[in-house]
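Breakdown of the fold
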Amino acid sequence: MPEIRTSRLSVRARPDELDRWQVVARRAGHHTTAGWIRALLRDAEFAGQEGDQLLAELRGLRGDLARIGNNLNQLAHAANRGDAVACAATLDDIDALKDRTDRLLRRIRPVSRQTIH
């Protein structure tokens, strides 16, 4: 049985804002702008206290990805020159980064597209 919503939250918007929000909501896979806004509010509530920490972790992951990318690029250049390439450390870094990413993703609650209206 669907959840009955009896309370209302109003937001004033210019017509161009509402049009833009409707387009963004549809692109995000929502049937209505209200459903998109509810999802945004749920996400903001979830990230609330952890938002800054999650952002710092994402920035750290980005830096690590850049470093690993540079390492891979150097290994590829060496391999193309015919040099012996030792890539075990870089592969270990990639595995560690995947594990960190998995832990971070488990902390983030995914929004099911099937429940959005």
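Residues numbered from 1 in each chain as written. Predicted model: local features only at pLDDT ≥ 70, side-chain atom pairs only at ≥ 80, totals over all residues. Heavy atoms only, no water.

This part takes up the overall build of the chain. Within the chain, the regular secondary structure consists of 4 helices and 0 strands. For the chain, the succession of helices and strands along the chain, N to C, is α-α-α-α. Out of the 117 residues in the chain, the part that is buried amounts to 14%. By sequence separation, contacts in the chain at least 24 residues apart represent 62% of the contacts at least 6 residues apart. Summing over all exposed atoms, the chain offers an accessible surface of approximately 9,500 Å²; the carbon and sulfur share of this is 55%. (Helix = DSSP H or I, 4+ residues; strand = E, 2+ residues; numbered from the N terminus. Buried < 20%, exposed > 50% of the residue type's maximum accessible area, 1.4 Å probe, protein only. Contact = heavy atoms within 4.5 Å. Areas by Shrake-Rupley, 256 points an atom, 1.4 Å probe, with all protein chains shown as cover.)

This next bit is on the nonpolar core. In terms of nonpolar packing, the biggest core is built from 5 residues, these being L54, L61, I68, L97 and L104. Residue assignment for this core shows that the elements contributing at least two residues are α3 (51-80) and α4 (88-107). Take this core: its biggest share by element is 3 residues, from α3. Not counting residues up to four positions away in its chain, the partners in contact with I68 are T90, D93, I94 and L97. (Core = buried A, V, L, I, M, F, W, Y, C linked by side-chain atoms within 4.5 Å.)

Judged by side-chain polarity, L9, V11, I37, L40 and L41 come together as a nonpolar surface patch covering roughly 470 Å² of accessible area. Here L41 shows up in helix α2 (residues 33-47). (Patch = residues over 30% accessible without salt bridge, like charges linked within 9 Å, V, L, I, M, F, W, Y side chains within 5 Å. Salt bridge = Lys/Arg side-chain N within 4 Å of Asp/Glu carboxyl O.)

Moving on: the side chain of E17. With respect to the secondary-structure elements, E17 resides in helix α1 (residues 15-27). By relative accessible area, E17 is classed as buried at 17%. A distance of 2.8 Å separates the side chain of E17 from the backbone nitrogen of R14, its partner in a polar contact. (Polar contact = N/O pair within 3.5 Å; in protein donor to acceptor, adjacent residues only side chain to side chain.)

What follows covers the confidence of the model for the chain. Taken residue by residue, the chain gives an average pLDDT of 82. The fraction at 70 or more is 85%. Confidence over residues 111-117 falls short of pLDDT 50; this stretch has 14 contacts with residues more than four positions distant or in other chains. (pLDDT = per-residue confidence, 0-100.)

All right, on to the pattern of salt bridges then. Across all of its chains, the model carries 7 salt bridges by this definition. Between D16 and R14 there is a salt bridge; the shortest N-O distance is 3.1 Å. Judged by relative accessible area, D16 falls into the partly exposed class, the value being 38%. The exposure class of R14 is partly exposed, given its relative accessible area of 46%. For the salt bridge of D64 with R100, the shortest nitrogen-to-oxygen distance reads 2.2 Å. Taken together, the residues span a long stretch of sequence, with D64 in helix α3 and R100 in helix α4 at a distance of 36 residues. One continuous salt-bridge network, built from bridges that share partners, spans R14, D16, E17 and R20.

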